[in-house]
Amino acid sequence: MAMNGGTVPKRKVMVVADPTRESAAALQYALSHAMMEKDELILIQVGNPNSWRSTFSTFLKRPTPPAAVAASSTERSRGGGDWDHLEAMKHACAFALPKVRVHIERVAMEGKGDKATTILHYCKLFSVDLLIVGQRRSLSTTILG
């Protein structure tokens, strides 16, 4: 869809990111089907800050870019613990679509607050055009559609 000048407008796409296969699948969908070079990607993590460290890269099916491996090793050598899944997702984006700007948002919530309301608030705050959320599917849903 081109505007008057013949250029496609830049969009903001948000992916809900947590250390799960469903989030990895949501990111893969965004990168392969929803994103264009001039778009901006926001990776948002909503939840308990203690759960933000993970070995997320095992969920990604694409090869790890050398920069991500080097950054991971550097972080671990500084005592940073496990590779942060949001940083791993950001590096996967840089590998797949190098021209896309990627932002990370971490929103701390104590207890079991309403994540959906928080995510929608941030969509409005950042003027997001497209929200992508991973979906857990049971075996019966997968088979029956």
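Residues numbered from 1 in each chain as written. Predicted model: local features only at pLDDT ≥ 70, side-chain atom pairs only at ≥ 80, totals over all residues. Heavy atoms only, no water.

1. Digging into the confidence of the model for the chain
When pLDDT is averaged across the chain, the result is 77; 66% of the residues are at 70 or more. Within the model, pLDDT remains below 50 along residues 52-82, and this stretch shows 56 contacts once partners closer than five positions in the same chain are excluded. (pLDDT = per-residue confidence, 0-100. Contact = heavy atoms within 4.5 Å.)

2. A word on the packing of helix H1 (residues 21-34) against helix H3 (residues 85-96)
Axis separation between H1 and H3 bottoms out at 11 Å; the angle between their running directions is 25°. Looking at the two axes, H1 sits roughly parallel to H3. Here H1 runs over H3; the crossing is right-handed. In contact with Ser23, Leu27 and Leu31 of H1, H3 contributes Met89, Ala92, Cys93 and Ala96. Partitioning the contact of H1 with H3 into residue classes produces six nonpolar, one polar and no charged. (Axes fitted to C-alpha atoms, helices over the stretch in contact; angles between N-to-C directions. Helix = DSSP H or I, 4+ residues; strand = E, 2+ residues; numbered from the N terminus. Parallel < 35°, antiparallel > 145°, perpendicular 65-115°, else oblique. Left-handed = near helix turned anticlockwise from the far one by under 90°. Nonpolar A, V, L, I, M, F, W, Y, C, P; charged D, E, K, R; others polar.)

3. Topic: the pattern of salt bridges
Per the counting criterion, the structure on display carries five salt bridges. With a closest N to O distance of 3.5 Å, Glu40 and Lys10 form a salt bridge. Highlighted residues: Glu40 in strand E2 (residues 40-47) and Lys10 in the segment before strand E1 (12-16), separated in sequence by 30 residues. One salt bridge connects Lys99 with Glu37, and the closest N-O pair in it is separated by 3.9 Å. (Salt bridge = Lys/Arg side-chain N within 4 Å of Asp/Glu carboxyl O.)

4. Comments concerning a nonpolar patch on the surface
On the surface, a nonpolar cluster with roughly 260 Å² of combined accessible area is contributed by Leu120, Leu131 and Val133. Mapping Val133 onto the fold places it in the loop between strand E4 (130-132) and helix H5 (139-144). (Patch = residues over 30% accessible without salt bridge, like charges linked within 9 Å, V, L, I, M, F, W, Y side chains within 5 Å. Areas by Shrake-Rupley, 256 points an atom, 1.4 Å probe, with all protein chains shown as cover.)

5. Focus: the environment of Val107
Inspection of the secondary structure assignment puts Val107 in strand E3 (residues 101-108). In this structure Val107 comes out as buried when scored by relative accessible area, which is 8%. Sequence-wise, Val107 and Val46 are 61 residues apart; in three dimensions their C-alpha atoms are separated by 4.8 Å. (Buried < 20%, exposed > 50% of the residue type's maximum accessible area, 1.4 Å probe, protein only.)

6. A short note on the side chain of Asp84
Examined against the element boundaries, Asp84 turns out to sit in the loop between helix H2 (66-77) and H3. Take Asp84: its relative accessible area is 7%, and that puts it in the buried class.

7. Thoughts on the layout of surface pockets
If you add up the space inside the largest pocket, you get close to 490 Å³. Around the largest pocket sit 25 residues that line it, and Val16, Asp18, Val46, Lys115 and Ile119 are the ones nearest its centre. Those elements that provide at least two residues to the lining of the largest pocket are H1, E2 and helix H4 (115-125). Broken down by class, the residue content of the lining of the largest pocket amounts to 11 nonpolar, nine polar and five charged. (1 Å grid on protein atoms, 1.4 Å probe; cavity = no way out; pocket = protein on both sides within 12 Å on 5 of 7 lines; lining within 4 Å. Points joined across faces, edges and corners; volume = space filled by probe spheres on them.)

8. Overview of H3
The end-to-end C-alpha distance of H3, which contains 12 residues, comes to 16 Å, matching closely the 16 Å that a straight helix rising 1.5 Å per residue would cover. Burial in H3 covers these residues: His85, Leu86, Ala88, Met89, Ala92 and Cys93. Along the axis of H3, the buried residues cluster in a sector spanning 160°; they form a single face. The elements touched by buried residues of H3 are H1, E2 and E3. (Expected span 1.5 Å × (residues − 1). Arc of directions from axis to C-beta.)

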